[in-house]
Amino acid sequence: MTDHQQSAPLIEMRDVHKSFGSTAVLKGVSLSVRDGGVVCIIGPSGSGKSTILRCINGLMTIDKGTIRVGSFAVETLKSDKQLVPLRHQVAMVFQQYNLFPHRTVLQNLTMAPVQVLGENPAAVRERALALLAKVRLTGKQHAYPGELSGGQQQRVAIARALAMQPKVILFDEVTAALDPEMVSEVLNVIRDLAREGMTCVLVTHEMRFAQEVADEVFFTDRGVIVEHGPPATIFQNPTDPRLKAFLDKVL
Amino acid sequence: MTLDFSWLLDPLYQKWLLRGIGTTMLLSLLGMVLMFVIGIAGAALLHLKVRFLQSPVTIFVELFRNTPPLVQLFFLYFMLSEIGLTLTDPVTGGRIPLFTGFTCVVLSLGLYNGAIAVEIIRSGLLAVPAQTVEGARSLGYSRLQTFRYVELPIGLRMSIPPMTSNIVSLIKTSSQAVLVAVADIMYGATQIMLETFRNLEVMLLIWVIYLAIASLAVLVVRRIAAAFRIPGYGS
Ligand SMILES: Nc1ncnc2c1ncn2[C@@H]1O[C@H](COP(=O)(O)OP(=O)(O)OP(=O)(O)O)[C@@H](O)[C@H]1O
Ligand SMILES: [Mg+2]
């Protein structure tokens, strides 16, 4: 590991700008995530957190700045075809799970590796079953998403992301739509992934979880990163008044 | 007033009726196939915003959806016989018209109900949640793959209820076939009425037969809908 400490980070955003019509949503965002790092993005609603994640995997195009993920210059990838290798490396989990309702749990996991990446169906199936065991959903492979609880659906979504064998997983408020008793079952899975060295970028309102798993926390407000640093500093010794006010409200 | 159905015992009339039912069902079935092809293709072009094809599709839909199907049938019939395309019969070597009355009816049903199907399927596609689509995109699905594997399968299921009425409408509209001399059920009925003058009884029977065919179609669609129902999704 020490050999690589000076090597380039896995994700690097530099001075990223993004507007929707006349509303500027990102106004010069820079952040970097090292390989194996766990980064949390916190901030008030509408401050651009989801937009940052969507820019990283090319779901949104940016107006200005650069985004590098591994060897990809994301802002230069235009066609669906060019984006496939990026999305192979960068998986995403959403607040509303975004599963395929018309396919079984197992098919949700195997579809993209087979249909998008062209992998061998038998091998993908085996991997998918192992992943379902990992997220503690063995036995649910033939259920449909609509037959599962929110917490179970979100774990399927995480397993679906893992089935792509990504280098990075982006989590966008993945526990926000869950009933309180289901939050921990999902956070446990994410905690395991973080410990195993999966690079994670988490947008979250679970401040205690952020404090526990993150190497670094970024605080966004109105399209800029106001403050960032190790969780101990951000949560115990915040300097920016906006961050202080935000923490007073949520903690 | 007494109803007299004794003519039903005549084997010749039975033959006309059965042949008519067969023709009506075949017309409807072929019309439905064309309707689905047009409906899916049209909805896909609109939904995927294919350049240069969107406005032609929209014009087609408006043109066929908002005009009487009978006018369309006559127009097709006269226009196509005017052009007078013919095929060479491989057996006899004779020339046969490419567009018979039968072909015209199938085309007309496919176009009229297909135009309606375009709108129905398009609304079904619009009802697919944006999140589901985003999920697919985030996994690397291209725009076309997303359509093929996610939006279309879900959207078609959503369009089943309005599509059922469209199918019934197609079956009913097929009764126009008689007007371009196709021997469908209405044609058989007209012949029988000319010979027996039992107009009321014949029409009563035809009414029941259409009801039976339409009910059968609805039943089949329900079966298909049940087989493709998404467990735990929607209602
Ligand atoms: N597709 C879009 N079109 C127009 N405006 C958008 C779009 N997506 C996001 N926005 C706007 O951009 C701003 C930032 O949105 P974003 O979803 O990134 O915020 P967020 O920090 O994730 O908020 P939340 O905590 O509520 O999820 C918001 O004001 C939102 O209304
Ligand atoms: Mg958000």
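Residues numbered from 1 in each chain as written. Chains lettered and ligands numbered in written order. Predicted model: local features only at pLDDT ≥ 70, side-chain atom pairs only at ≥ 80, totals over all residues. Heavy atoms only, no water.

The name given to chain B in an unreviewed UniProt entry is Amino acid ABC transporter permease, with the source organism recorded as Azospirillum doebereinerae. Entered under Sequence similarities (unreviewed entry) in the UniProt record, the comment concerning chain B runs "Belongs to the binding-protein-dependent transport system permease family. HisMQ subfamily." (UniProt positions renumbered as here; feature names shortened; annotations may be inferred.)

If you look chain A up in an unreviewed UniProt entry, it shows as Amino acid ABC transporter ATP-binding protein from Azospirillum doebereinerae. Recorded in UniProt under Sequence similarities (unreviewed entry), the annotation for chain A is "Belongs to the ABC transporter superfamily."

Participant: Before we move on, could you go through the sheet that holds strand E1 (residues 11–20) of chain A and cite the residues and values that matter?
Facilitator: Residues and elements named next belong to chain A. Read from one edge of the open sheet, four strands run E2-E1-E4-E5, paired in antiparallel fashion. Two strands close off the open sheet at either side, each with one partner strand: strand E2 (23–33) and strand E5 (72–73). Pairing between strand E4 (residues 64–69) and E5: two bridges, direction antiparallel. Paired with Val69 across the strands is Phe72, a residue of E5. (Pairing = 2+ DSSP bridges. Helix = DSSP H or I, 4+ residues; strand = E, 2+ residues; numbered from the N terminus.)

Participant: Explain the sheet that holds strand E10 (residues 224–229) of chain A residue by residue, including any values.
Facilitator: Residue and element names in this part refer to chain A. Overall, mixed pairing links the six strands, which are arranged E6-E7-E8-E3-E9-E10 in an open sheet. Looking at which strands have only one partner, the edges of the open sheet turn out to be strand E6 (90–93) and E10. Between one strand axis and the next, the sheet turns through 20 degrees on average, direction left out of account. Pairing of strand E9 (residues 216–221) with E10, which is carried by five bridges, proceeds in the antiparallel orientation. In the strand pairing of E10, Phe219 is matched with Glu227. Contacting strand E3 (38–42), E6, strand E7 (168–172), strand E8 (199–203) and E9, helix H1 (residues 49–56) runs over the sheet at an angle of about 155 degrees to E7. (Axes fitted to C-alpha atoms, helices over the stretch in contact; angles between N-to-C directions. Contact = heavy atoms within 4.5 Å.)

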